[in-house]
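Survey of secondary and tertiary structure
Given next are the chains, with one letter for each unit.
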Amino acid sequence: MRSDVSVTSGVFEANRARGAVRFDVHARDGVTRRGVLHESGSLRVRFPSPEGEGLSGVFVNTAGGVAGGDSFEIDIAGGERSRLTLTTAAAEKVYRAPGAAAQLNISLKIAAGAHLGWLPQETILFDRARVHRRFDIELDETASLLLCEIVVFGRTAMGERMEQGEFVDRWRLRRGGRLVFAETVRLDGNIGARLGRSAVAKGGAAIGTALIVPGDEALVERIREAADSFSGEVGISAWNGFAMARFCAQDAARLRADMMAVLARTGAALPRLWLN
């Protein structure tokens, strides 16, 4: 006979969430409109009323969060001269994973003269969460990108912290077919202790990254002018034609405020959901 543990594991595996969204956008007469859309599983995207010439999209995960063994795929293509801004309806919660890690795979393709703003609300990792995330980005040399991600280790507003778990974050950016940025962040095991080290996060529970293409030293200087207003640590540099800002703060609220201050210096328009 199968043990109760085996039966429970089988039921757990059979109930893993799967979700995929694939769509393209195109510009016609200076106005961006959605093309072909494919949705499956628990992942959805909704498009509020157009704002000016651009298009806004909001991702909704009807599974209510991400758990171990879940798998989500996002594939977006921005046509020539299109303008698209994407966010999420709420912060994404990644729950404890007793088995396999959750898989989040994002593919972004941006054509000539197009712009994409990827501005999801924060990702919150519960204690013992396990998640692997992958970004594959292909930009035309004349395309522009603003990609911001915030990760929070524990529900800091509830006094909870992530002590154990696994977080793997792989980013690859190609511009004009040439690889210009590659990075993989891996935190596993006793994450809480590692974040407590002075050389890592000095006890901070929230980290963030803003990738800005194109970006140069002039942009870096504009952002550095706001340094006195930051409540956490912010570092920014530019190379290979793009700029990157790194954030670390004691909690999500402080990091979010710092991120908004940086984005204001880029001239980016924030999604309405960020302002609620």
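These figures come from a predicted structure and were not determined experimentally. (Residues numbered from 1 in each chain as written. Predicted model: local features only at pLDDT ≥ 70, side-chain atom pairs only at ≥ 80, totals over all residues. Heavy atoms only, no water.)

The nonpolar side chains of soluble globular proteins are, as a tendency, buried together. Judged by nonpolar contacts, the single largest core of 49 residues is most densely connected at W118 and L211. Here the element with the most residues in this core is strand β8 (residues 102–110); it accounts for five residues. Each residue touching L211, except ones within four places of it in the same chain, is listed here: I137, L145, L146, L147, W171, L173, F242, A243 and M244. With 27 residues, the next largest nonpolar core counts L119, F126, L146 and A252 among its residues. (Core = buried A, V, L, I, M, F, W, Y, C linked by side-chain atoms within 4.5 Å. Buried < 20%, exposed > 50% of the residue type's maximum accessible area, 1.4 Å probe, protein only. Helix = DSSP H or I, 4+ residues; strand = E, 2+ residues; numbered from the N terminus. Contact = heavy atoms within 4.5 Å.)

On to the confidence of the model for the protein. Of the residues in the protein, 93% reach a pLDDT of 70 or more, and the chain-wide mean stands at 90. Note that pLDDT drops below 50 for residues 4–8; the model gives that stretch one contact with residues more than four away or on any other chain. (pLDDT = per-residue confidence, 0-100.)

Another aspect to go through is helix α4 (residues 252–266). A rise of 1.5 Å per residue sets the reference length of α4, with its 15 residues, at 21 Å; its end C-alpha atoms lie 21 Å apart and thus fit the reference within 8%. Of the positions making up α4, those classed as buried are A252, L255, R256, D258, M259, V262 and L263. Buried residues along α4 cover an arc of 165 degrees about the axis, so they all sit on one side. Residues of α4 that are exposed and point more than 90 degrees away from the buried face comprise A253 and A264. Those residues of α4 that are buried lie in contact with β12 (144–153), β15 (206–213), α3 (217–224), β16 (233–239) and β17 (242–249). Measuring from the backbone nitrogen of A253 back to the side-chain oxygen at the start of α4 gives 3.2 Å, which picks out D251 as the cap. Positive phi shows up at G267, right after α4, with a value of about 85 degrees. (Expected span 1.5 Å × (residues − 1). Arc of directions from axis to C-beta. Polar contact = N/O pair within 3.5 Å; in protein donor to acceptor, adjacent residues only side chain to side chain.)

Right, let's talk about the packing of α3 against α4 for a bit. To describe two helices that pack against each other, one gives the angle between their axes and the distance between the axes. Axis separation between α3 and α4 bottoms out at 9 Å; the angle between their running directions is 135 degrees. As judged from the angle between their axes, α3 and α4 are oblique. By crossing handedness, the relation of α3 to α4 is classed as right-handed. Note on element contacts: α4 touches α3 through V262, R265 and T266, opposite L219, R222 and I223. (Axes fitted to C-alpha atoms, helices over the stretch in contact; angles between N-to-C directions. Parallel < 35°, antiparallel > 145°, perpendicular 65-115°, else oblique. Left-handed = near helix turned anticlockwise from the far one by under 90°.)

Before going further, it helps to spend a moment on α3. Restricting attention to buried positions, one finds in α3 the residues L219, V220 and I223. Looking down the long axis of α3, one finds its buried residues gathered within 100 degrees of arc, a one-sided arrangement. Its buried side turned inward, α3 meets β15, β16, β17 and α4. Measuring from the side-chain oxygen of the N-cap residue of α3 to the backbone nitrogen of A218 gives 3.2 Å; that N-cap residue is D216.

What follows covers the packing of aromatic side chains. Evaluation of the coordinates by the stated rule reveals nine aromatic pairs. Considering the side-chain rings of F153 and F167, the 6.1 Å spacing of their centres and the 80 degrees angle between planes classify their relative orientation as edge-to-face. Here F153 is found in strand β12, whereas its partner F167 is found in strand β13 (residues 165–175), with 14 residues between them in sequence. For F167, a relative accessible area of 4% puts it in the buried group. A centroid spacing of 4.7 Å and a plane angle of 55 degrees characterise the contact between W239 and F242, whose relative ring orientation is tilted. (Phe/Tyr/Trp six-rings, centres within 6.5 Å; stacked < 30°, edge-to-face > 60°.)

With that settled, the discussion passes to the sheet that holds strand β14 (residues 178–189). Hydrogen bonds between backbone atoms are what pair the strands of a sheet, whose relative direction is either parallel or antiparallel. Across the sheet, which stays open at both edges, the seven strands sit in the order β2-β1-β5-β8-β11-β13-β14 with mixed pairing between neighbours. Of all the strands in the sheet, just β2 (31–41) and β14 have a single pairing partner and so form its edges. Mean inter-strand twist for the sheet, computed between neighbouring axes without regard to direction, equals 5 degrees. (Pairing = 2+ DSSP bridges.)

Turning to the side chain of T209, a few remarks are in order. Here T209 is to be found in strand β15. Exposure remark for T209: the relative accessible area of 13% places this residue in the buried category. Excluding its chain neighbours within four sequence positions, the residues that come into contact with T209 are L147, C148, E149, W171, M244, A245, R246, F247 and M259.

Here we come to the environment of F167. Residues F167 and R194 lie 27 residues apart in sequence; the distance between their C-alpha atoms is 13 Å. Beyond its immediate stretch of four places on either side in the chain, F167 contacts L125, V131, R133, V151, F153, V185, R186, L187 and I191.

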